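# Descriptive structure summary
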Amino acid sequence: QVQLVESGGGLVQPGESLRLSCEASGFIFSSYAMSWYRQAPGKERELVAGITSTGGRTNYADSVKGRFTISRDNAKNTVYLQMNSLKPEDTAVYYCFVHGLMRWGQGTQVTVSS
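Anyway, here's the lowdown on the structure attached to this text. (Residues numbered from 1 in each chain as written. Predicted model: local features only at pLDDT ≥ 70, side-chain atom pairs only at ≥ 80, totals over all residues. Heavy atoms only, no water.)

Moving on, we come to the overall build of the protein chain. If you tally the helices and strands in the protein chain, you get zero helices and 11 strands. When the elements of the protein chain are put in sequence order from the N terminus, they spell out β-β-β-β-β-β-β-β-β-β-β. Its C-alpha atoms give the protein chain a radius of gyration of 13 Å, near enough to 13 Å, the size a compact globule of 114 residues would have. Considered along the principal axes of its C-alpha atoms, the protein chain spans approximately 40 × 25 × 25 Å. Taking all 114 residues of the protein chain together, 39% fall into the buried category. Contacts spanning at least 24 positions in sequence make up 53% of the contacts within the protein chain whose residues lie at least 6 apart. With an accessible surface of roughly 6000 Å², the protein chain has 46% of that area assigned to carbon and sulfur atoms. (Helix = DSSP H or I, 4+ residues; strand = E, 2+ residues; numbered from the N terminus. Rg over C-alpha atoms; globule rule 2.2 N^0.38 Å. Buried < 20%, exposed > 50% of the residue type's maximum accessible area, 1.4 Å probe, protein only. Contact = heavy atoms within 4.5 Å. Areas by Shrake-Rupley, 256 points an atom, 1.4 Å probe, with all protein chains shown as cover.)

Written as structure tokens, this is what we have:
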């Protein structure tokens, strides 16, 4: 069955970096666009970044442009989110999502605090 397993979250200070990973299984990973979403306490889930199946095109929320980078390795069935210059407002649970199959991972907590 389709599985998405996120990892890499944690507690960091403002200005630091984290790299999230989402390892996929149970489907032909290279055939599907992928995205990262996040949900902060009391807020709706929002799109952070997306990437096409080949990795040739990406898109970002305005709030993370220039700081976050989405990438994928189709040989490893993994999508990444490199997050630099983290801010307290980036604190949220981060989820990966596979388009077409409409499936979510379990999420990984990112907390940015001094």
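This part takes up the sheet that holds strand β8 (residues 78-83). Sheet architecture is open: four strands sit in the order β1-β3-β8-β7, paired in antiparallel fashion. In this open sheet, the two strands that pair with only one neighbour each are β1 (3-7) and β7 (68-73). Neighbour to neighbour, the strand axes of the sheet diverge by 15 degrees on average, direction disregarded. (Pairing = 2+ DSSP bridges. Axes fitted to C-alpha atoms, helices over the stretch in contact; angles between N-to-C directions.)

Here the focus is the side chain of R67. With respect to the helices and strands, the residue R67 is situated in the loop between β6 (58-60) and β7. Among the residues examined, R67 registers a relative accessible area of 11% and is labelled buried. Within the local environment of R67, its side chain forms a polar contact with the backbone oxygen of S63, the two atoms lying 2.9 Å apart. Reaching out from R67, the side chain makes a polar contact with the backbone oxygen of S85 at a distance of 2.9 Å. Discounting residues that sit within four places of it in the chain, R67 has contacts with Q82, M83, N84, S85, L86, K87 and D90. (Polar contact = N/O pair within 3.5 Å; in protein donor to acceptor, adjacent residues only side chain to side chain.)

For the structure on display, the rule yields one disulfide. One disulfide in the model links C22 with C96; its S-S distance is 1.9 Å. Taken together, the residues span a long stretch of sequence, with C22 in strand β3 (residues 18-25) and C96 in strand β9 (residues 92-98) at a distance of 74 residues. (Disulfide = S-S within 2.5 Å.)

Let us now look at the nonpolar core. Ranked by size, the top nonpolar core spans 29 residues in total, and within it W36, L81, M83 and Y94 carry the most contacts. Every element with two or more residues in this core is listed here: β3, β4 (34-39), β5 (46-51), β7, β8, β9 and β11 (108-112). Non-local contacts of L81, meaning those with residues more than four positions away in its chain, are made with L18, R19, L20, W36, V48, A49, F68, T69, I70 and Y94. (Core = buried A, V, L, I, M, F, W, Y, C linked by side-chain atoms within 4.5 Å.)

Across the two faces of β1 the burial differs, with L4 and E6 buried and Q3, V5 and S7 not buried at all. Across five bridges, β1 lies against β3 in antiparallel orientation. Its bridge partner being in β3, E6 is matched across the sheet by C22.

By the definition in use, this model includes six aromatic pairs. Taking 6.3 Å as the distance between ring centres and 50 degrees as the angle between the ring planes, the aromatic pair formed by F27 and F29 counts as tilted. As far as burial versus exposure is concerned, F27 and F29 are alike and both buried. Judged by centre distance (4.5 Å) and plane angle (45 degrees), the rings of F97 and W104 are tilted. Taken together through their ring pairs, the aromatic side chains of Y37, Y95, F97 and W104 make up a single cluster. The aromatic ring of Y95 is capped on one face by R45, whose charged end is 3.7 Å from the ring centroid. Lying over the aromatic face of F29, R72 brings its terminal NZ or CZ to 4.3 Å of the ring centre. (Phe/Tyr/Trp six-rings, centres within 6.5 Å; stacked < 30°, edge-to-face > 60°. Lys NZ or Arg CZ within 6 Å of the ring centre and 35° of its normal.)

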